[in-house]
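Structure at a glance
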Amino acid sequence: QVQLVESGGGLVQAGGSLRLSCVASGRTFSTSHMTWFRQAPGKERDFISAITWSGSPYYADSVKGRFAISRDNAKNTMYLQMSSLKPEDTAVYYCASGLMGTITTLTSPASWRYWGQGTQVTVSS
């Protein structure tokens, strides 16, 4: 069983930055693909970014060039550096691990087995 804990959310003005962290329990972090999704009120949970166990990043078009995903295997931690934030980035941000399908399925929330509790990000205009 893997437990994931997100932190780093908060209230920020448009154009500002935040860095989210996701700490994972267990010994399998270094060999696990990891991901970030977000969910705004009344909307579906959307793919934001993922990073393979070897460090290859993937991004949704909506955040490409503004967000950067990284991982520190020694700390069992994944990060999401968010810059140039917009009000439409407001959502609860979730990290997940345990990809159950191939890499081509990583943008689907149903493909991920373990989820954190989420951290709220609010961007004011």
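Below: a short report on this structure.

Calculation rules
- Residues numbered from 1 in each chain as written.
- Predicted model: local features only at pLDDT ≥ 70, side-chain atom pairs only at ≥ 80, totals over all residues.
- Heavy atoms only, no water.
- Helix = DSSP H or I, 4+ residues; strand = E, 2+ residues; numbered from the N terminus.
- Rg over C-alpha atoms; globule rule 2.2 N^0.38 Å.
- Lys, Arg positive; Asp, Glu negative; His and termini not counted.
- Charge placed at Lys NZ, Arg CZ, Asp CG, Glu CD.
- Core = buried A, V, L, I, M, F, W, Y, C linked by side-chain atoms within 4.5 Å.
- Buried < 20%, exposed > 50% of the residue type's maximum accessible area, 1.4 Å probe, protein only.
- Contact = heavy atoms within 4.5 Å.
- Pairing = 2+ DSSP bridges.
- Axes fitted to C-alpha atoms, helices over the stretch in contact; angles between N-to-C directions.
- Phe/Tyr/Trp six-rings, centres within 6.5 Å; stacked < 30°, edge-to-face > 60°.
- Lys NZ or Arg CZ within 6 Å of the ring centre and 35° of its normal.
- Disulfide = S-S within 2.5 Å.

Glancing now at the overall build of the protein chain. For the protein chain, the count of helices and strands is 0 helices and 11 strands. Its helices and strands in sequence order give the protein chain the pattern β-β-β-β-β-β-β-β-β-β-β, from N to C terminus. At 13 Å, the protein chain has a C-alpha radius of gyration in line with the 14 Å of a compact globule built from 125 residues. Expressed as lengths along the three principal axes of its C-alpha atoms, the size of the protein chain is roughly 40 × 25 × 25 Å. Both charge centroids of the protein chain, one from 11 positive and one from 7 negative side chains, sit 7 Å from each other.

Within soluble globular proteins, side chains that are nonpolar tend to cluster in buried spots. Counting residues in each nonpolar core, the largest one holds 34 residues, and the members touching the most others are Leu-4, Trp-36, Phe-67, Met-78, Leu-80, Met-82 and Tyr-93. It is strand 9 (residues 91-99) that provides the largest number of residues to this core, a total of 5 residues. Those residues in contact with Leu-80, other than ones at most four positions away along the chain, are Leu-18, Arg-19, Leu-20, Trp-36, Ile-48, Ser-49, Phe-67, Ala-68, Ile-69 and Tyr-93.

Strand order in this open sheet of 4 strands is 1-3-8-7, and the pairing throughout is antiparallel. At either margin of the open sheet sits one strand with a lone partner, and together these are strand 1 (4-7) and strand 7 (67-72). Recorded for the sheet is a direction-independent mean angle of 15 degrees between the axes of neighbouring strands.

Bringing the packing of aromatic side chains into the picture now. Across all of its chains, the model carries 3 aromatic pairs by this definition. Each ring, one from Phe-37 and one from Phe-47, has its centre 5.7 Å from the other, and the planes form 75 degrees; the classification is edge-to-face. Residue Phe-37 is found in strand 4 (residues 34-39), and its partner Phe-47 is found in strand 5 (residues 45-51); the two are separated by 10 residues along the sequence. Here a set of aromatic residues connected by ring pairs shows up, and it is made of Phe-37, Phe-47, Tyr-94 and Trp-115. The ring of Trp-115 has Arg-45 sitting right over it, with the charged end atom 4.8 Å from the ring centre. Between the NZ or CZ atom of Arg-71 and the centre of the ring of Phe-29, over which it lies, the distance is 4.5 Å.

This brings us to the state of the cysteines. Evaluation of the coordinates by the stated rule reveals 1 disulfide. One disulfide bridge connects Cys-22 with Cys-95, the sulfur atoms lying 2.1 Å from each other. Its torsion about the S-S bond being 65 degrees, the disulfide of Cys-22 and Cys-95 is classed as right-handed. With Cys-22 in strand 3 (residues 18-24) and Cys-95 in strand 9, this pair connects stretches of sequence that are 73 residues apart.

Here we take up the side chain of Ser-21. In this structure, Ser-21 sits in strand 3. Excluding residues within four positions of it along the chain, Ser-21 makes contact with Val-5, Glu-6, Ser-7, Trp-36, Thr-77, Met-78 and Tyr-79.

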